[in-house]
Amino acid sequence: MPFVNGDIGGRRARAAWLLLCVGFGLILARSAQIMVWNRDRVLAIRPLVDGRPTGPCVRPGDIFDRRGEPIATSVALSWVCAAPPLISDEDRPRIARVLAGQLNEPESRILTQLRRSLSYVVLAKDVGPEDARSVNRLRLPGIMVERGYARLYPCGPIFGPVVGFREKSIQLTGLSGMEAQLDSILSGTRDDGSDAPWLLTPVALSVGVAAGSDEPRNIVLTLDARIQAAAHRIMSEHMATPAKAKAASCTIMDPATGELLCLVSLPSFDPNAFERVPKSEWNRFQTIPASFAFEPGSMCKPLIMAAALESGKVDVRQRFVCGGTRRLPGWTIGCWGRYRSAGHGTMTPVTGLINSCNLTYAQISTTVGPTELRAWLREFGLGRSTGSGCYAEASGYLPSVDSIDKVKLATMGYGQSLTVTGLQIVAAVGAIANRGVLMRPHIVSAITGADGEVVERVEPQVVRQVLSERTAGIVLDTMAQAVERGTGRAARIPGCRVCGKTGTAQKAVEGEGGGRYMEKRYISSFVGVAGVGTKRPVVILVWFDEPAGGATGGQIAAPAFKEVAEAALRHLGILPDTAARESRRAAA
């Protein structure tokens with residue numbers, strides 16, 4: 001009896017295994033049919049194929065200037081798309097003909113798209129609501145209407161490099177500028193901040209809640225569209241003539257708060273039509289004040305003077321002699337222009353800055369010494385990112401103490417052998433204007449919800465007290481004299497106190513070491529504080545890359561600074577109308 005039962009049990013087990021194998025074989029066969037013979041149809045209905053979104057399209061938040069003017073916004077639109085694998089060869093000409101008449105698109109172009117070996121193609125963008133409804137009513141096989149948004153930039157090229165752009169697809173992913181920097185906030189994508197470096201800076205830690213939101217937020221920038229437009233126009237005119245420069249930029253900051261009021265970068269582009277710019281040229285359109293590091297030249301002298309006085313190693317009345325040139329081991333350094341042969345004679349730190357004497361400041365930096373000089377420049381924020389929140393911000397370069405030899409130490413005194421960004425310079429000069437207090441530059445003012453209510457606000461942040469109020473006052477007064485009777489006379493504004501410094505830095509040979517420089521190729525600049533003594537002074541930096549004929553900062557940048565400063569102070573209500581009229585009369 002046990003034998004019989006065991007035999008029956010074995011037959012049942014074999015039958016069960018046979019059925020299991022047959023079923024498994026059928027499953028494999030069906031899988032092969034789906035994945036091999038019907039592969040195109042499977043690909044056509046995947047949630048994400050060739051750029052098709054995985055879920056409902058979300059409207060990105062808007063970007064506003066400080067006064068609520070829209071810089072970037074979105075409008076609803078529809079796209080007509082197709083899944084070519086779902087359309088038979090005989091249906092394609094008919095569908096192309098019908099859609100061409102409906103969408104006012106060339107029939108040949110639509111037919112070409114329908115014949116592509118892709119699982120998802122776009123036939124028409126920016127389709128109006130009535131046309132979209134008509135296409136839906138046609139119920140054409142393999143044709144669908146996707147709903148999404150188009151990104152619009154009302155200010156055009158005025159904010160091009162700084163605001164950036166979003167890709168022209170249904171996803172609207174930020175690709176450049178603040179659109180990329182703040183994409184997770186604008187799109188409502190949960191993010192821990194790893195892809196948004198600015199969120200990790202102290203000034204922006206308060207926006208952590210918004211960064212983790214799954215709702216799109218709006219961004220309010222500190223920039224002022226009126227000031228930006230005026231500066232963009234003025235800098236464009238000066239860049240074309242008389243400068244005839246390769247590039248130009250303008251940065252304006254409130255020294256008391258660190259708010260960035262203007263960031264102009266030229267050449268610019270219209271983000272409404274960024275697709276006309278080849279990808280290979282996208283790097284040309286960077287936010288110059290944040291991402292381009294350059295040797296500042298004599299613009300650095302106020303920082304050197306401040307460091308020397310504050311360290312106690314140099315007295316304001318101490319005398320230095322400029323003989324035109326000075327021999328150093330393996331190198332000869334010289335003063336600028338005709339002073340290279342004649343020299344400035346006996347100079348103090350004050351007269352040396354007013355006359356922009358290179359040899360005076362080479363001796364001052366040597367007196368301070370490499371360790372202390374570098375430490376003071378670090379105190380001003382050089383050699384590190386400012387944490388402004390701007391896209392792709394650079395850190396600049398400060399040589400290590402061990403690498404600073406006698407030549408490098410001397411040339412650092414007049415702004416060579418180190419690199420800075422425009423943001424670093426306006427922040428450092430802003431500290432001098434702000435009684436020695438360094439403020440962190442920032443570009444984001446607030447984050448708001450869809451209803452306009454403020455979700456998070458970025459407050460001004462003190463970085464540190466860099467200088468004593470006394471030293472800051474001495475340096476600022478010396479900068480005022482540099483404008484009144486020194487190299488910056490072209491920056492004078494009647495009825496308004498201006499403190500500033502010119503810069504003419506010889507450009508280094510790219511990729512070369514050892515301090516090699518190019519002949520007659522300069523970055524000409526001017527940094528200054530306009531409206532000193534008023535309720536709201538501003539720090540302004542204007543900058544030209546390789547102006548024609550090697551023009552100096554005093555010749556090219558100072559006049560541009562004057563025009564930009566006048567426009568900015570008028571918009572801020574600082575410059576009286578009488579002063580503006582007098583300025584125009586003097587210019588005439």
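For clarity, every value in this text was computed on a predicted model and none was experimentally measured. (Residues numbered from 1 in each chain as written. Predicted model: local features only at pLDDT ≥ 70, side-chain atom pairs only at ≥ 80, totals over all residues. Heavy atoms only, no water.)

Draft legend 1. Just the side chain of Ser365, in detail. Summarising the element assignment, Ser365 is placed in helix α15 (residues 358-368). Relative accessible area serves as the criterion here: at 0%, Ser365 is assigned to the buried category. Engagement of the side chain of Ser365 in a polar contact is seen with the backbone oxygen of Ala362, the distance being 2.9 Å. Those residues in contact with Ser365 that lie beyond four places of it in its chain are Ile304, Leu373, Leu409, Ala410 and Gly413. (Helix = DSSP H or I, 4+ residues; strand = E, 2+ residues; numbered from the N terminus. Buried < 20%, exposed > 50% of the residue type's maximum accessible area, 1.4 Å probe, protein only. Polar contact = N/O pair within 3.5 Å; in protein donor to acceptor, adjacent residues only side chain to side chain. Contact = heavy atoms within 4.5 Å.)

Draft legend 2. Quick look at the pairing of strand β18 (residues 538-545). Within β18, eight of the eight residues are buried, leaving the element largely enclosed by the surrounding structure. Residues Val538, Ile540, Val542 and Phe544 of β18 are buried on one face, and the alternating residues Val539, Leu541, Trp543 and Asp545, pointing to the opposite face, are buried as well. Both strand β6 (residues 247-253) and β18 contribute to a ladder of seven bridges, which runs antiparallel. Among the inter-strand pairings, Met253 is bridged to a residue of β18, identified as Val539. Sheet topology note: the strand β17 (residues 517-530)/β18 ladder contains eight bridges and is antiparallel. When the sheet's bridge partners are listed, Ile523 is paired in β18 with Asp545. (Pairing = 2+ DSSP bridges.)

Draft legend 3. Looking closely at the packing of helix α18 (residues 422-433) against helix α19 (residues 469-485). Packing of α18 against α19 leaves a shortest axis separation of 8 Å and a crossing angle of 110°. Of the possible angle classes, the one that applies to α18 and α19 is roughly perpendicular. Listed contacts from α19 to Val429, Ile432 and Ala433 of α18 are Ala472, Val475, Leu476 and Met479. When the residues that make up the contact of α18 with α19 are grouped by side-chain class, the tally is seven nonpolar, no polar and no charged. (Axes fitted to C-alpha atoms, helices over the stretch in contact; angles between N-to-C directions. Parallel < 35°, antiparallel > 145°, perpendicular 65-115°, else oblique. Nonpolar A, V, L, I, M, F, W, Y, C, P; charged D, E, K, R; others polar.)

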